[in-house]
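# A look at the structure
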Amino acid sequence: MQMQHSAELNISDIRTLMEFYGEDVWNYAYVITRNTYTADDVAQDVFIKAYQKVAFFRGEASVKTGLLKITRNTALSYLKRAFLRRVVLIGDRSPGVGLNGTVSTPSAEAEYLKREEADELWKEVLKLPGKFRDPLVLSVHHQLSIEEISGITGLSPGTVKSRIYRAKKKVAARFGRSERR
């Protein structure tokens, strides 16, 4: 989606942005905050900020990259300001589960096992320290390039590559261990 460079967005434009990128913004906010309610607040703030600051959009990055950068900064601000509980309730709203797009319908048991495996993998990703978790999620889930991730996180492209590699290695090691239990 291309955003026209204008000084104002109307309600229809904001609605379109929310329809196109709302899930990506919420998912990334959830990954950073690990709390559904905070992710809801962050996502709402992101679109308010986008509406307020559209005049400053230079078009140097894609709209998605810009929104994810706002999401990261907003979520980190929330974490700095609030005392969040250290207990994360994973099961109430997990992003990106069950969107495989296949035509055939698997059995209920197969679907359950697949969902359980995805939930376990997601839990392992969420256990990673933020410096590894953020680049991995931006790369794998949001399918951003190394350069886009570098722009969002402020890290050099080499550091981004290294952290993605190390994050994948850590998740694979942890996930393999948890599977054997």
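Structure: see above.
Below or above, wherever it landed, is the structure these notes cover. Predicted model, so just to flag it, every value in this text is computed and none were measured. (Residues numbered from 1 in each chain as written. Predicted model: local features only at pLDDT ≥ 70, side-chain atom pairs only at ≥ 80, totals over all residues. Heavy atoms only, no water.)

## Some details on the overall build of the chain
Inclusion rule: Secondary structure elements are defined from DSSP: runs of H or I of at least 4 residues count as helices, runs of E of at least 2 residues count as strands, and each element is numbered from the N terminus. Buried means the residue's accessible area, taken with a 1.4 Å probe over protein chains only, is under 20% of the maximum for its type, while exposed means over 50%, and partly exposed covers the values in between. Whether two residues are in contact is decided by their heavy atoms, any of which lying within 4.5 Å being enough. Only the protein chains shown count as covering a residue, and every accessible area follows the Shrake-Rupley method with a 1.4 Å probe.
Scanning the chain for helices and strands turns up seven helices and zero strands. Secondary structure elements in the chain, listed N-terminal to C-terminal, are α-α-α-α-α-α-α. Taken across its 181 residues, the chain has 35% of its residues classed as buried. Of the contacts formed within the chain by residues at least 6 apart in sequence, a portion of 73% connects residues at least 24 apart. Of the roughly 11500 Å² that the chain leaves accessible, carbon and sulfur atoms contribute 52%.

## Regarding the packing of helix α5 (residues 130-140) against helix α6 (residues 146-153)
Helix-helix packing is characterised by the crossing angle of the two axes and by the distance between the axes. Stated precisely, the cut-off is as follows: Angles shown run from 0 to 180 degrees and are taken between the N-to-C directions of axes, each axis being a line fitted to C-alpha atoms and, for helices, limited to the stretch in contact. Under this scheme an angle from 65 to 115 degrees is roughly perpendicular, one under 35 degrees roughly parallel, and one over 145 degrees roughly antiparallel; angles in between are oblique. Each crossing is labelled by how the near helix is turned from the far one, with a counterclockwise turn of less than a right angle marking it left-handed and a clockwise turn marking it right-handed. Asp, Glu, Lys and Arg are counted as charged, while Ala, Val, Leu, Ile, Met, Phe, Trp, Tyr, Cys and Pro are counted as nonpolar; the rest, among them Gly, fall into the polar class.
Contact geometry for α5 and α6: axes closest at 10 Å, N-to-C directions at 140°. Classified by the interaxial angle, the pair formed by α5 and α6 is oblique. At the point where α5 passes α6, the crossing takes the right-handed sense. Here P135, L138 and S139 of α5 lie close against α6, whose contacting residues are I149, I152 and T153. Tallied by class, the residues present in the contact of α5 with α6 amount to four nonpolar, two polar and no charged.

## Structural notes on α6
Rule in force here: Directions drawn from the helix axis to the C-beta atoms are what define this arc.
By the burial criterion, the buried members of α6 are I149, S150, I152 and T153. For α6, the arc enclosing every buried residue in end-on projection is 165°, short of the 170-degree limit, so these residues lie on one face. Just downstream of α6 lies G154, where phi reads positive at about 80°.

## Structural notes on the packing of helix α1 (residues 11-33) against helix α3 (residues 63-81)
Direction vectors running N to C along α1 and α3 enclose 35°, while the axes themselves pass 9 Å from each other. Note that α1 runs across α3; the crossing there is right-handed. Contacts from L17, Y21, D24, V25, Y28, A29, I32 and T33 in α1 reach V63, K64, L67, L68, T71, R72, A75, L76 and L79 in α3. Taken together, the residues that form the contact of α1 with α3 break down as 12 nonpolar, two polar and three charged.

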